[in-house]
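# Observations on the three-dimensional arrangement
Take a look at the letters that make up each chain.
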Amino acid sequence: MSPTSETAHGGRRLVIVESPAKAKTIKGYLGPGYVVEASVGHIRDLPSGAAEVPEKYTGEVRRLGVDVEHDFQPIYVVNADKKAQVKKLKDLLAESDELFLATDEDREGEAIAWHLQEVLKPKVPVHRMVFHEITKDAIQAAVANPRELNKRMVDAQETRRILDRLYGYEVSPVLWKKVMRGLSAGRVQSVATRLVVERERERIAFRSAEYWDLTGTFSTGRAGDPSDPSSLTARLAAVDGKRVAQGRDFGADGRLKSETVLHLDEEKARALAASLADTRFTVRSVESKPYRRSPYAPFRTTTLQQEASRKLGFGAKATMQVAQKLYENGFITYMRTDSTVLSDTAVAAARAQVTQLYGADYLPEKPRVYAGKVKNAQEAHEAIRPSGDRFRTPAETGLTGDQFKLYELIWKRTVASQMKDATGNSVTVKIGGTSADGRDAEFSASGKTITFHGFMKAYVEGADDPNAELDDRERRLPQVAEGDALAAEEITADGHATKPPARYTEATLVKELEEREIGRPSTYASIIGTILDRGYVFKKGTALVPSFLSFAVVNLLEKHFGRLVDYDFTARMEDDLDRIARGEAQSVPWLKRFYFGEGEGATGGAADAGNGDGDHLGGLKELVTDLGAIDAREISSFPVGNDIVLRVGRYGPYVERGEKDQEGHQRADVPDDLAPDELTVEYAEELLAKPSGDFELGTDPVSGHQIVAKAGRYGPYVTEILPDDVPKTGKNAVKPRTASLFKTMSLDTVTLEDALRLMSLPRVVGADAEGVEITAQNGRYGPYLKKGTDSRSLTSEDQLFTITLEEALAIYAQPKQRGRAAAKPPLKELGTDPVSEKPVVVKDGRFGPYVTDGETNATLRTGDSVETITPERGYELLAEKRAKAPAKKTAKKAPAKKTAAKKTAAKKTTTAKKTAAKKTTTAKKTTAAAKKTAAAKPE
């Protein structure tokens, strides 16, 4: 008997999903016999610190959370912020007759379901309920056809989790000791960082080459019309049979790759153009070919991220956040998928809309089938598409903002995937003539006409290169035949310069990782988020720029842990993890080879990839044991030129010439948002010529801490340097004393005495008659007094140290000045936001410049500036901020209480207040626990 039919005879069924939003949607599709509750993500995980490990475990187990000596047994603990939810689930389960584990269908979802079963220990029948869209039919079908937990998927996910823990917890401390505290390493994040750093190295090494060619405008001599132009533009292709050099013919060193091409400089190009001024040209050849373009496959996770970046300006993380909301509310299928397959139901729905919206002429005879291209794809999933057996058009959804935009993108792509090919013709015309000095010149022009647009009526894919032509772009040429005479209306010489390889964007980095088969597509958004959050990468516009810190980290990993950041080795690890998922390999032997170096190595005999120890394949444990060979100064130093060296120090990057204790030593801080390829010798000299932004002032005689003055984002300040053994994060974290310089002070004149006085603030002035303390404080907007929540401005900074209690009380005796200053004009106007359709401007706020459309505000990030921010970058920041914003709830107005019920209402109010106070206390504890869990981790 199926679970559905049992329900009809009574009983209570508990259905557990991951998110409250998903629970709310599914609840509406099930009958009264079902209770739907959320686990709110993972309920347990490996411990985040030794304090969370049960007392019975000692030694390395407490540090790693994994017992490497006993078959890598993981130590799982219920997350502190999930204990209340686990209790709630247990209470609900105690009142239920059956349990349905309805977490996501992928490996991570399977692992969450297993953890729920392990923690809840159900004594009632347990069913694994899976679906890839949240519609009434899909949910009811999932309830009626449950399956068992897939232990192989669970084992594979657990192996990944253990592997990532060992990698992060063993390698990250090396970075703490040799580069900087608080850094992290990860199996995929470190490789992704290396990709970005290597691209920047290519840009630094790049040498531009200049080359010239000719552009000719040729006329047929007849009147033209849109279908048959009277002229065409062609580019010089060859001179005396020798091909003219283009950008692709030059290497990164600025030299020609081959001498078989003709390199024209400005002088030669202009001379050739002049000698062709009176030349008679003829058509030498016309080559025409049929043009055909097939539709793009439906979206999978990575292609959706790439296209949302190109067309909507969304980052990978923002795309997944919006897609998650669409999925949970029943608008699209599951958004973490490697598959491009559409179900028969989806194909029928798409074909029906093609006929309805575009006509039968656009519908192919047979449905299109898209084979998966991703290695080790989880083919049980469908592509990302609109949900249901009838697709809602974007206008029918009622969606707005970012959700509307992303749904429209998915809907268009899905419908277009079942339309006919676009067809037309492509043509190449060769035009030749002899110059006045007897040289043969041949020009070439290419054209494309689309006679039937097919799927392009619905959708055209974007391009990563903003200058690239899209597929639906036509270039019409005149109808000419071989031997036709053409007149040269104009021939001009054009100069060009080769460009360095473009930096990665989120879209192109996702594409690169997928093509190299590194990591899982479902994790790319979080990986990019991690390297941005860790400060390894920052954004300039949409480009991902590596920080100097990432150069030091990658330098260390390449030289001493080469195999761990080798692209092929990482891809082979992914293959092995998928073999474990398929049951073709065992988890424990594989982990032993990876960690201890037993047998032939972690990937079953894969060749070592440059870890610095010859042919010996040592395990991870051996690699992190011998740290004596790592020279911390050497791996963080990079020559710039003119005896200047860039170094990455504890307080950030700086340039230096000479040794610290030698005469003539120079040092200067490097701006945090400077792209590495912009640190030229000339700029380094400029920095050294300026006063340094980081000054050592001396030692505090009381604490013994070193006091320094620094240039910060919000102005110069002084701070103390805490010893390494002082905890910087966690429950017992100690924050260094910090104070902004007065406006009358500067970095090159501030003294140790000044710094100690500044850091003594706030100063207690005294207390008023009621015992409320009054303090003198220095803020971003100047000096002020504070008494409780009442603040009063002071007229000068000196008053902070001289004002008496009597003077302070006199100020508070005066009425507080109120009134708002006139609104400041915007710093920059960016245009109209494509989502809100409102004007976007850059404003100066309390915490620095930000972009706003009047509804959403987003602070500029590291690498952004008022001067360089583009409209597209502004729209992207707003889109990311909207994606993070919680859904707005409509407040319900409480009904008016009747007079006769005053006494009862009073009792209820008292009870409600107690309950609210209890909830507030619980919420505070939960928030504190969440913050602790979210603190910087090595993984």
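Residues numbered from 1 in each chain as written. Predicted model: local features only at pLDDT ≥ 70, side-chain atom pairs only at ≥ 80, totals over all residues. Heavy atoms only, no water.

## A closer look at the overall build of the protein chain
- In terms of regular secondary structure, the protein chain is built from 27 helices and 33 strands.
- The buried share of the protein chain, taken over its 939 residues, is 47%.
- Total accessible area on the protein chain stands at roughly 47,000 Å², and carbon and sulfur atoms take up 50% of it. (Helix = DSSP H or I, 4+ residues; strand = E, 2+ residues; numbered from the N terminus. Buried < 20%, exposed > 50% of the residue type's maximum accessible area, 1.4 Å probe, protein only. Areas by Shrake-Rupley, 256 points an atom, 1.4 Å probe, with all protein chains shown as cover.)

## Some points on the sheet that holds strand S26 (residues 763-767)
- Spatially, 4 strands are ordered S26-S27-S28-S29 in an open sheet, and the strand pairing comes out antiparallel. Only two strands of the sheet have a single partner each, and these edge strands are S26 and strand S29 (790-793). Taken pair by pair, the neighbouring strands of this sheet meet at an average axis angle of 25°, ignoring direction.
- As defined by bridge partners, S26 adjoins strand S27 (residues 773-779) across 4 bridges and the pair is classed as antiparallel. Each bridged residue has a counterpart across the sheet, and for Arg-763 the counterpart in S27 is Ala-776.
- Its contacts with the sheet place helix H25 (residues 805-813) against S26, S27, strand S28 (782-787) and S29, and it is angled at close to 85° to S28. (Pairing = 2+ DSSP bridges. Axes fitted to C-alpha atoms, helices over the stretch in contact; angles between N-to-C directions. Contact = heavy atoms within 4.5 Å.)

## Things to note about the pairing of strand S10 (residues 231-239)
- In this sheet, S10 lies alongside strand S9 (residues 210-219) in antiparallel orientation, the contact comprising 5 bridges. Each bridged residue has a counterpart across the sheet, and for Ser-219 the counterpart in S10 is Ser-231.
- Of the strand pairs in this sheet, S10 and strand S14 (residues 440-452) are connected by 4 bridges, and their pairing is antiparallel. Looking across to S14, one finds that Leu-236 is bridged to Phe-443.
- The hairpin turn running from S10 into strand S11 (residues 242-243), its antiparallel successor, is 2 residues long, and Asp-240 in that turn takes a positive phi close to 50°.

## Here we look at the pairing of strand S19 (residues 644-649)
- In terms of burial, S19 is largely enclosed, as 6 of its 6 residues are buried.
- Burial along S19 is two-sided: the residues Ile-644, Leu-646 and Val-648 and Val-645, Arg-647 and Gly-649 are all buried.
- As paired strands, strand S18 (residues 637-641) and S19 are joined by 4 bridges and run antiparallel to one another. Looking at S19, one finds that Phe-638 is bridged to Leu-646.

## Here we look at the side chain of Lys-178
- Checked against the element boundaries, Lys-178 lands in helix H7 (residues 151-178).
- No salt bridge is formed by the buried Lys-178, whose closest oppositely charged neighbour, Asp-631, lies at an N-O distance of 7.5 Å.
- When residues no more than four places from it in sequence are discounted, the contact partners of Lys-178 are Leu-556, Leu-627, Ile-630, Ala-632, Ile-635 and Ser-636. (Lys, Arg positive; Asp, Glu negative; His and termini not counted. Salt bridge = Lys/Arg side-chain N within 4 Å of Asp/Glu carboxyl O.)

## Focus on the packing of aromatic side chains
- Under the defined criterion, the tally for this structure stands at 19 aromatic pairs.
- A centroid spacing of 5.1 Å and a plane angle of 70° characterise the contact between Phe-218 and Phe-281, whose relative ring orientation is edge-to-face. Here Phe-281 lies in strand S12 (residues 281-293) and Phe-218 lies in strand S9, a separation of 63 residues in the sequence.
- A centroid spacing of 5.0 Å and a plane angle of 80° characterise the contact between Tyr-595 and Phe-596, whose relative ring orientation is edge-to-face.
- For Tyr-595, a relative accessible area of 1% puts it in the buried group. (Phe/Tyr/Trp six-rings, centres within 6.5 Å; stacked < 30°, edge-to-face > 60°.)

## Notes on the packing of helix H8 (residues 189-205) against helix H17 (residues 548-560)
- Running from amino to carboxyl end, H8 crosses H17 at an angle of 110°, the nearest separation of the two axes being 10 Å. One finds that H8 runs roughly perpendicular with respect to H17. Residues Ser-190, Thr-193, Arg-194, Val-197, Glu-198, Glu-200, Arg-201 and Ile-204 of H8 form the contact with H17, whose participating residues are Ser-550, Phe-551, Val-554, Asn-555, Leu-557 and Glu-558.
- The residue inventory of the contact of H8 with H17, partitioned by class, reads 5 nonpolar, 4 polar and 5 charged. (Parallel < 35°, antiparallel > 145°, perpendicular 65-115°, else oblique. Nonpolar A, V, L, I, M, F, W, Y, C, P; charged D, E, K, R; others polar.)

## Comments concerning the pattern of salt bridges
- One pass over the structure, following the stated rule, counts 64 salt bridges.
- Taking the shortest distance from any N to any O, the salt bridge between Asp-494 and Arg-235 comes out at 4.0 Å. One end of the pair, Asp-494, is in strand S15 (residues 485-497); the other, Arg-235, is in strand S10, with 259 residues separating them in the sequence.
- Glu-656 is the partner of Arg-633 in a salt bridge, and the nearest nitrogen-oxygen pair spans 3.6 Å. Residue Arg-633 is found in helix H21 (residues 632-635), and its partner Glu-656 is found in strand S20 (residues 652-657); the two are separated by 23 residues along the sequence.

## Describing the environment of Pro-849
- Locating Pro-849 in the fold gives a position in strand S32 (residues 848-852).
- Separated by 15 residues in sequence, Pro-849 and Asp-864 have C-alpha atoms that sit 9.6 Å apart.
- Look past the residues within four positions of Pro-849 in its chain and what remains in contact with it is Leu-827, Val-842, Lys-843, Asp-844, Thr-859, Leu-860 and Val-866.

## Describing the packing of helix H12 (residues 344-358) against helix H14 (residues 401-416)
- One can describe the packing of H12 onto H14 by two numbers: an axis separation of 8 Å at closest approach and a directional angle of 95°. As summarised for this structure, H12 and H14 are arranged roughly perpendicular, according to the angle between their axes. Facing Ala-350, Gln-353, Val-354, Leu-357 and Tyr-358 of H12, the residues of H14 in contact are Trp-411, Thr-414 and Val-415.
- Here the residues of the contact of H12 with H14 sort into 6 nonpolar, 2 polar and no charged.

## Things to note about H12
- Across its 15 residues, H12 extends 21 Å between first and last C-alpha, which sits within 8% of the 21 Å expected from 1.5 Å per residue.
- For H12, the complete set of buried residues consists of Ala-346, Val-347, Ala-349, Ala-350, Arg-351, Gln-353 and Val-354.
- Where H12 is buried, its residues touch H14.
- The positive-phi residue at the C-terminal boundary of H12 is Gly-359, with phi of around 100°. (Expected span 1.5 Å × (residues − 1).)

## Overview of the nonpolar core
- Formed by 143 residues in total, the largest nonpolar core has its most connected members in Ile-332, Leu-406 and Val-655.
- Ranked by residues supplied to this core, first place goes to H7 with 10 residues.
- The contact partners of Val-655, leaving out residues within four places of it in the chain, are Ile-644, Val-645, Leu-646, Gln-666, Arg-667, Ala-668, Val-670, Leu-679, Ala-684, Leu-687 and Leu-688.
- The next biggest cluster of nonpolar side chains, apart from the first, holds 26 residues, and it includes Phe-218, Phe-281, Ile-431 and Ala-445. (Core = buried A, V, L, I, M, F, W, Y, C linked by side-chain atoms within 4.5 Å.)

## Re the sheet that holds S32
- Within the open sheet, the 4 strands sit side by side as S30-S31-S32-S33. Their pairing is antiparallel. Across the chains shown, the open sheet's two edge strands, defined by having one partner strand only, are strand S30 (828-832) and strand S33 (857-859). Along the sheet, successive strands turn relative to each other by an average axial angle of 30°, direction set aside.
- Bridge count for strand S31 (residues 839-845) against S32 is 5 bridges, and the pairing is antiparallel. Residue Val-841 lies in a different strand from S32, and its bridge partner there is Thr-852.

## Examining the confidence of the model for the protein chain
- This prediction gives the protein chain a mean pLDDT of 84; 86% of its residues lie at or above 70.
- Every residue in residues 887-939 scores below 50 in pLDDT, and together they form 23 contacts with partners more than four places removed in sequence or on other chains. (pLDDT = per-residue confidence, 0-100.)

## Some details on unusual backbone geometry
- Of note, the bond from Leu-761 into Pro-762 is cis; its omega dihedral lies within 30 degrees of zero at 0°.
- One non-glycine residue with positive phi stands out, namely Lys-121, at about 50°.
- Its relative accessible area of 59% is what places Lys-121 among the exposed residues.
- One non-glycine residue, Glu-517, lies in positive phi territory at about 60°.
- For Glu-517, the position within the fold is in the loop between helix H15 (506-515) and helix H16 (524-533).
- Classification of Glu-517 by relative accessible area gives partly exposed; the value is 32%.

## Quick word on the environment of Lys-289
- Its location among the elements puts Lys-289 in strand S12.
- Residue classification places Lys-289 among the partly exposed positions, given a relative accessible area of 48%.
- Distance in space between the C-alpha atoms of Lys-289 and Asn-425 is 5.7 Å, their sequence separation being 136 residues.
- Filtering out sequence-adjacent residues up to four positions away, Lys-289 remains in contact with Gly-424, Asn-425 and Ser-426.

## Topic: the side chain of Ser-435
- Within the fold, Ser-435 resides in the loop between strand S13 (422-434) and S14.
- Its relative accessible area of 5% is what places Ser-435 among the buried residues.
- Looking at Ser-435, its side chain comes within polar contact range of the side chain of Asp-437, at 2.3 Å.
- Non-local contacts of Ser-435, meaning those with residues more than four positions away in its chain, are made with Ser-275, Leu-276 and Thr-279. (Polar contact = N/O pair within 3.5 Å; in protein donor to acceptor, adjacent residues only side chain to side chain.)

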